[in-house]
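Understanding the architecture of this molecule
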Amino acid sequence: MNPVKKTIALPDGREITIETGKLAKQADGAVEVRMGNTMLLATVCSAREAGEGVDFMPLTVEYKEKYASIGRYPGGFLKREGRASDYEILTSRLVDRVLRPLFPDDYHADTFVNVTLYSADENDAPDALAGIAASAAIACSDIPFNGPISEVRVARVNGEWVINPTFEQIEDADIELMVGATYDNIMMVEGEMNEVSEAELLEALKVAHAEIKKHCLAQIELMKEAGKEVKREYCHEINDDELRKDVHDKCYDKAYAIARTGAADKHWRAEQFGKICEEYLESLPEMTEEQLEKYNADQRKAMVKRYYHDVEKEAMRRCVLDEGIRLDGRKTTEIRPIWCEIDYLPGPHGAAVFTRGETQALVTTTLGTTLDEKIIDDVLNQSKERFLLHYNFPPFSTGEARPQRGVGRREVGHGNLAHRALKRMFPDNFPYVCRIVSDILESNGSSSMATVCAGTLALLDAGVQMKKPVSGIAMGLITDSDNSKYAILSDILGDEDHLGDMDFKVTGTVDGITATQMDIKCDGLSYEILERALNQAREGRLHILNIINQTIPAPREDYKPHVPRIVTMLIPKELIGAVIGPGGKVIQGIQEESGATVSIDEIEDGGYIEVAASNKASIDKALDMINAIVALPEEGKVYKGKVRSILDFGAFVEFMQGRDGLLHISEISWDRLPDMEASGLKEGDEVEVKLIEIDKKTGKYRLSMRALQPKPEGYVERERAPRGERGP
């Protein structure tokens, strides 16, 4: 065993160590990454041959967290880790998005990257180490890769930049970004912020990239010392240069003509582009013997489609760069026509439709009570979420004929971006739990940004007093190979995303950026181009905000009639048990009798009670019942009570909600009663009693009925014998 270890010093004195050669040695590459008490094991395995007919990079990245890493048991009956949490999915996506573009274009072998959290620290976020762990594992293998890369989280806390901040620092940050990059180029950005300027965002990227360069150099040294500089040889594609040239010569002009028609209908364009390829395939002559020795007819057809894809890509890109004509005929800064409508559905608490070109989102808002909070039970995060956003992308939104299955990684990722865009503009101390659901009904470019815009409309339609409206826009970039000529595209189409060099989503208010997501697929993108893209995005964002403001200038003054009203109150901690009752009996009784939903949480200041119902009468009834419980009994006060039980020596009367007192037989009447039967009291009788004493030691209550009756003339109180002289 010959382990190799490298150490990276962070600006605040913490250290990241990368070590290979100890664990998982049968994998193609494996490293353990440590920072403090956090330890991740990353492994990579790649097949030697590509699957038949595979012409893409079949990469799978899995990030998993072990509950044992922090000394916890998983929940549930089985007590073992199950399906991936949203946090694990999002971390996997962050790593995947940086790694995928850096494998060679002609490398098509099944490749699996697994990053597992085996030891955790409650203060440090492990997702910031997943990228460097995955990259280092690939660097220590023989798998071809145009890296290394690293990812860091950069945050601005109290005006200072912090690399890989703690959870506590993240909470206090006004900018929080995850940045992935090679030594030369930024590849991926994702994060949220408090209405910051474009210049501040660029500064954050520069700080992050400077740190990432150190990480990349350490991995290169690790690779050299581990003896993994030479990568495997492979041949995953069959190519015919003459056929490639023939496809280009005969198809390029036709593809260029379609690209410059400026047709807005994506299905028409796809059909026309497809016809060019089909016509070429039909015109192909019989294969020669020389060709048959190299490949068969099916392989030739696959090559033609691959070569034609490159032709189509080149035609679209040159049309934009040379003539400024986009696929749908727009100018580079032009945004597709927008129409939107609020209150579209009568049933939800808020609803809106937002349509931009061929992208459409139908979004609903539901307002709920504390009982509707999402309970998060991740390895390092046990909390409750009061603002939720769920994004759905059904196949029919793109005209696909396939079944709709469960929520995929893409839907989790897009929903998370929209959630981050809106959450910092959500009102503080909002009494309701809020759930936004976005259903994409049509898609041709940036449905996540349509979700942000429609989400804002639906929130305002529900009467949520947002701090400011939020809009979002997706930007694209097309460049020459040497970046001498480039075009920044506003509001990109799906094809422009697929065939372009950058997908850059920006959300924000009139005053600044709230969230961003960037994926860059080209080398050498300068900060000058990024700055121009951000400024152009701001113009588009403000244009969309103007349309949102025209649709609904301000939130509804009041909630819709069917929204549950919520009233809150605070009670002393010692009375929480009285309101809940044994086994929840009292609080359940309040809900059954009043028809309201009642929840109670213990907070620092006492018991926080939330009463919700769709009508005022139910809320008032529940509040009266709660007030009756939490009100303190007063000696000398008269109460109406109900007889709960009859005993030989008296009766127990519930004189306040949840409070019973003893009505002794001697306190029922001024007359001497031989037994309780003579009193005429029965269980369930309503009686008027006076609280005559609260025992200072036991807190028990003594009640009296006779104290409310006139004292008979000449009545003499019987003397009580001393306790020691009493008879049996």
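As shown above, the structure is provided for reference.
Notes on the structure follow. Note that the structure is a prediction, hence the values are computed from the model and not measured.

Cut-off values and rules
- Residues numbered from 1 in each chain as written.
- Predicted model: local features only at pLDDT ≥ 70, side-chain atom pairs only at ≥ 80, totals over all residues.
- Heavy atoms only, no water.
- Helix = DSSP H or I, 4+ residues; strand = E, 2+ residues; numbered from the N terminus.
- Rg over C-alpha atoms; globule rule 2.2 N^0.38 Å.
- Buried < 20%, exposed > 50% of the residue type's maximum accessible area, 1.4 Å probe, protein only.
- Contact = heavy atoms within 4.5 Å.
- Lys, Arg positive; Asp, Glu negative; His and termini not counted.
- Charge placed at Lys NZ, Arg CZ, Asp CG, Glu CD.
- Phe/Tyr/Trp six-rings, centres within 6.5 Å; stacked < 30°, edge-to-face > 60°.
- Core = buried A, V, L, I, M, F, W, Y, C linked by side-chain atoms within 4.5 Å.
- Salt bridge = Lys/Arg side-chain N within 4 Å of Asp/Glu carboxyl O.
- Patch = residues over 30% accessible without salt bridge, like charges linked within 9 Å, V, L, I, M, F, W, Y side chains within 5 Å.
- Areas by Shrake-Rupley, 256 points an atom, 1.4 Å probe, with all protein chains shown as cover.
- Polar contact = N/O pair within 3.5 Å; in protein donor to acceptor, adjacent residues only side chain to side chain.
- Axes fitted to C-alpha atoms, helices over the stretch in contact; angles between N-to-C directions.
- Parallel < 35°, antiparallel > 145°, perpendicular 65-115°, else oblique.
- Left-handed = near helix turned anticlockwise from the far one by under 90°.
- Nonpolar A, V, L, I, M, F, W, Y, C, P; charged D, E, K, R; others polar.

It is worth spelling out the overall build of the protein at this point. Within the protein, the secondary structure is distributed over 15 helices and 29 strands. On C-alpha atoms alone, the protein measures out to a radius of gyration of 35 Å, which is more than a quarter above the 27 Å that the 2.2 N^0.38 rule sets for 728 residues. Taken along the three principal axes of its C-alpha coordinates, the protein extends 130 × 65 × 50 Å. Burial status across the protein gives 52% buried among its 728 residues. At a minimum sequence separation of 6, the contacts of the protein that also span at least 24 residues come to 70%. Each charge class in the protein was averaged separately, 90 positive and 124 negative side chains, and the resulting centres sit 4 Å apart.

A separate point is the packing of aromatic side chains. Inspection of every chain in the model, using the stated rule, returns 12 aromatic pairs. With centroids separated by 6.4 Å and ring planes inclined at 70°, the aromatic side chains of tyrosine 63 and tyrosine 87 adopt a geometry described as edge-to-face. Of this pair, tyrosine 63 sits in strand β5 (residues 59-65) while tyrosine 87 sits in helix α1 (residues 86-99), and the two are 24 residues apart along the sequence. We classify tyrosine 87 as partly exposed; its relative accessible area is 24%.

Counting 159 residues, the largest nonpolar core has Leu99 and Leu177 as its most contacted members. Considering every element that reaches this core, the biggest residue donor is helix α8 (residues 297-323), with 10 residues. Aside from chain neighbours lying at most four places away, what touches leucine 99 is Leu59, Val61, Val113, Ala134, Ile138, Phe145 and Ile149. If you look at the next biggest cluster of nonpolar residues, it comprises 21 residues, including Met569, Val611, Ala622 and Ile626.

Before going further, it helps to spend a moment on the pattern of salt bridges. It is possible for side chains bearing opposite charge to pair when their charged atoms get close. Going through the model one piece at a time under the given rule, you end up with 64 salt bridges. A salt bridge links arginine 232 to aspartate 142; its shortest N-O distance comes to 2.9 Å. Of this pair, arginine 232 sits in the loop between α4 (198-225) and α5 (241-259) while aspartate 142 sits in the loop between α2 (127-139) and β7 (149-157), placing them 90 residues apart in sequence. A single burial state applies to arginine 232 and to aspartate 142, both of which are buried.

A cluster of acidic residues, Asp105, Asp106, Asp310 and Glu314, forms a negative patch on the protein surface. Mapped onto the fold, aspartate 105 is located in the loop between α1 and β6 (111-119).

Before going further, it helps to examine the side chain of glutamate 65. By the secondary structure assignment, glutamate 65 is in strand β5. Although glutamate 65 is buried, it forms no salt bridge, and the closest oppositely charged side chain is arginine 72 at an N-O distance of 8.2 Å. Engagement of the side chain of glutamate 65 in a polar contact is seen with the side chain of tyrosine 63, the distance being 2.7 Å. With residues up to four places along the chain from it excluded, the contact list for glutamate 65 reads Glu81, Tyr87, Glu88, Leu117, Pro126 and Val379.

Next up on the list: the packing of helix α14 (residues 585-594) against helix α15 (residues 616-630). Orientation of α14 relative to α15, taken along the N-to-C sense of each, is 150°, at an axis distance of 9 Å. When the interaxial angle is binned, α14 and α15 end up roughly antiparallel. Relative to α15, the crossing made by α14 is right-handed. Residue-level contacts link Val586, Gly589, Ile590, Glu593 and Ser594 of α14 to Ser618, Lys621, Ala622, Met625, Ile626 and Ile629 of α15. When its residues are assigned to classes, the contact of α14 with α15 shows six nonpolar, three polar and two charged.

What follows is about the packing of helix α10 (residues 447-461) against helix α12 (residues 527-551). The N-to-C vectors of α10 and α12 enclose an angle of 25°; their axes lie 11 Å apart at closest approach. With respect to α12, the axis of α10 lies roughly parallel. Here α10 and α12 pass one another in a crossing that is right-handed. Within the contact between the two elements, α10 uses Cys453, Thr456 and Leu457 and α12 uses Ile544, Ile548 and Thr551. Counted by class, the contact of α10 with α12 contains four nonpolar, two polar and no charged residues.

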